[in-house]
Structures are given as C-alpha cells and as structure tokens.
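These are the residues of each chain, in order.
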Amino acid sequence: MTYRLLLVDDEVKILDMIDNYLKREGFATIRAGNGNEALELVRTQSFDLMVLDLMLPELNGLEVCKEIRRFSDIPIIMLTAKNDEIDKLLGLELGADDYISKPFSLRELSARIKAVLRRSKNHSPAVTAIMVNNLRLEPSRFELYVDDTLLTLTPTEFKLIYALLENPGQVFSRLQLLERAYGDIYEGYERSIDTHISNLRRKLEKAGSQIFIKSVYGIGYKVEQGDSNDEDIS
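About the cut-offs
- Residues numbered from 1 in each chain as written.
- Predicted model: local features only at pLDDT ≥ 70, side-chain atom pairs only at ≥ 80, totals over all residues.
- Heavy atoms only, no water.
- Core = buried A, V, L, I, M, F, W, Y, C linked by side-chain atoms within 4.5 Å.
- Buried < 20%, exposed > 50% of the residue type's maximum accessible area, 1.4 Å probe, protein only.
- Helix = DSSP H or I, 4+ residues; strand = E, 2+ residues; numbered from the N terminus.
- Arc of directions from axis to C-beta.
- Contact = heavy atoms within 4.5 Å.
- Polar contact = N/O pair within 3.5 Å; in protein donor to acceptor, adjacent residues only side chain to side chain.
- pLDDT = per-residue confidence, 0-100.
- Pairing = 2+ DSSP bridges.
- Axes fitted to C-alpha atoms, helices over the stretch in contact; angles between N-to-C directions.
- Salt bridge = Lys/Arg side-chain N within 4 Å of Asp/Glu carboxyl O.

1. Re the nonpolar core
Most often, soluble globular proteins have nonpolar side chains that are buried together.
Turning to step 1, where the next piece is worked out: The biggest cluster of nonpolar side chains holds 28 residues, and the ones touching the most others in it are Leu137, Leu144, Ile161, Leu165, Leu177, Leu204 and Ile213.
Turning to step 2, where the next piece is worked out: Of all the elements, helix H6 (residues 155-166) adds the most residues to this core, at seven residues.

2. With respect to helix H2 (residues 35-44)
Turning to step 1, where the next piece is worked out: By the burial criterion, the buried members of H2 are Gly35, Ala38, Leu39, Leu41 and Val42. Across the axial projection of H2, the buried residues extend over an arc of 165°, all falling on one side.
Turning to step 2, where the next piece is worked out: Buried residues along H2 sit in contact with strand S1 (4-8), strand S2 (28-32), strand S3 (49-53) and helix H3 (61-68).
Turning to step 3, where the next piece is worked out: Among the residues of H2, the N-terminal cap falls to Asn34, whose side-chain oxygen and the backbone nitrogen of Asn36 are separated by 3.1 Å.

3. Describing the confidence of the model for the chain
Turning to step 1, where the next piece is worked out: Looking at the chain, the pLDDT average stands at 84 and 87% of residues meet or exceed 70.
Turning to step 2, where the next piece is worked out: When the criterion is pLDDT under 50, residues 123-127 qualifies, and its contacts beyond four places in sequence or with other chains add up to 10 contacts.

4. Re the sheet that holds strand S12 (residues 220-225)
Turning to step 1, where the next piece is worked out: Judged by pairing direction, the sheet is antiparallel, and its three strands sit side by side in the order S10-S12-S11 without closing on themselves. One side of each edge strand has no neighbouring strand; the edge strands of this open sheet are strand S10 (172-173) and strand S11 (211-216).
Turning to step 2, where the next piece is worked out: When S11 meets S12, the two strands line up antiparallel, connected through six bridges. When the bridges of S12 are listed, Phe212 appears paired with Glu224.
Turning to step 3, where the next piece is worked out: The strands touched by H6 are S10, S11 and S12; relative to S12, the strand with the most contacts, the crossing angle is about 60°.

5. Here we look at the pattern of salt bridges
Turning to step 1, where the next piece is worked out: In this structure the tally under the stated criterion is 15 salt bridges.
Turning to step 2, where the next piece is worked out: As a salt-bridge pair, Arg69 and Asp97 come within 3.3 Å of each other at their nearest N and O atoms. With a gap of 28 residues between them, Arg69 in the loop between H3 and strand S4 (76-81) and Asp97 in the loop between helix H4 (85-94) and strand S5 (98-102) connect regions that are remote in the sequence.
Turning to step 3, where the next piece is worked out: In this structure, the salt-bridge partner of Arg174 is Asp194, at a minimum N-O distance of 2.8 Å. On the criterion of sequence distance, the pair formed by Arg174 in helix H7 (residues 174-182) and Asp194 in helix H8 (residues 192-206) is long-range, its members being 20 residues apart. As far as burial versus exposure is concerned, Arg174 and Asp194 are alike and both buried.
Turning to step 4, where the next piece is worked out: Shared partners join several salt bridges into a network, and the residues in it are Asp16, Asp19, Lys23 and Arg31.

6. Regarding the side chain of Asn199
Turning to step 1, where the next piece is worked out: Along the polypeptide, Asn199 turns up in helix H8.
Turning to step 2, where the next piece is worked out: With relative accessibility at 3%, the residue Asn199 sits in the buried group.

Right, dumping it as structure tokens:
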C-alpha cells in the first residue's frame, strides 16, 4: 500500500528536501506552501497523514491544526523550532499526533511518519466491542461511543483510551501509555501524554461519559466511574 502524505511548509528548499526523500521512501506526496492551501487540500482530497510546519504565512500551523480538527481526524505531525516547547504542547492540545523539532534528520522524520501510520492504520483485529458503563469501544472500526454518540478521536487518543478501557481500574504510567500508543519506546517528551489525556477528558465529559480518566499521583492514569473533577497533578 502506498501512503499519501500532505507536506506543508513555506520554505521551498526544506519542502524539496522532504518531498524528494519521502518519495524515495515509497510515499506519494502532495505539497502546500501555506495554511489556506493546506486546508483546501484536506477538505477536497484524501490523505493518510499531514506533515505541518508551525511557522506558515496567512494561517500558522496551530491555526491550521485547530481548523482541521473540526472536520477531519487525519494524523498530523507538526514541525517546530527546537525551543518552542509551549507551541509543541499547544499543537498536541489542538489535535496534533506528534511533533519533531528542527533541525531534524530526514531519516528521523520518515521513522516518525511510519510510527504514526502504524498506530493509525494497524488497529486490533478483534471484533468484540469493549463495554465499560456507557462507553462502547469498537477496536476493528476505530470507533468510541458514549451512549449513541460517536466521538472523533485522533489515532493517539484512540490508542490511549483503548489501553485504559481494556484494563479498567489498572494504573498506567506515562511511559506505559506512550508505549501502547506508539507501539515502541517513544523518544519524545514524555509529559506530552498529559495533553492527550486532557483532550480525551474534555471529549468524554462533553459527551456525558460516566467513566472518567483519573490521575494517580506520582504514577499515571486509570479509568473508573466517579467524579469528573480531577486535575493533572500526577
């Protein structure tokens, strides 16, 4: 299978390098030089993944990511400056699945793309739904329902809630959740898991979930029935 990627960057030289390398790696690529062009392409065409630069003319990467998450769950890898930690976390909060800091090697970018595609495409073959209170998770369909409401989740969010609902009451460390979500040891910022969990909490609570993700101080997270008033203090 040939995966179709959307590459978004306003620096032509960087875009050329990424484009040529990923084509040699076997990907099919489409390019965009600004945020508005990227949005129009996502609205009108089908892609397996987007590589999105943070610093773009017209609309920056954060604005593009926020708008895309209103209508699409396409996996997004954000390119950021090395020291923009706040922007990285904002990107994850807005729905990006991963980030990579500039400068980066093309081999590293390709590895990150393949990792995100693995977790977004290779879901569990199990057909049995997981039922926990008023939540129903369909692994083979990549779907999570609260009562009859289908939630829109990113691939990372789905993997995280899958791990938690498979083992209700079990406490997972951040590293364990990252390993479950990414399929291997993740070399990124481990605290980024907090942002993904916060996103999941908001979506579950908005939909009326009777199951909540709880922080376990000094350890990590678990799901249980109870009060949703919980803070990320672990």
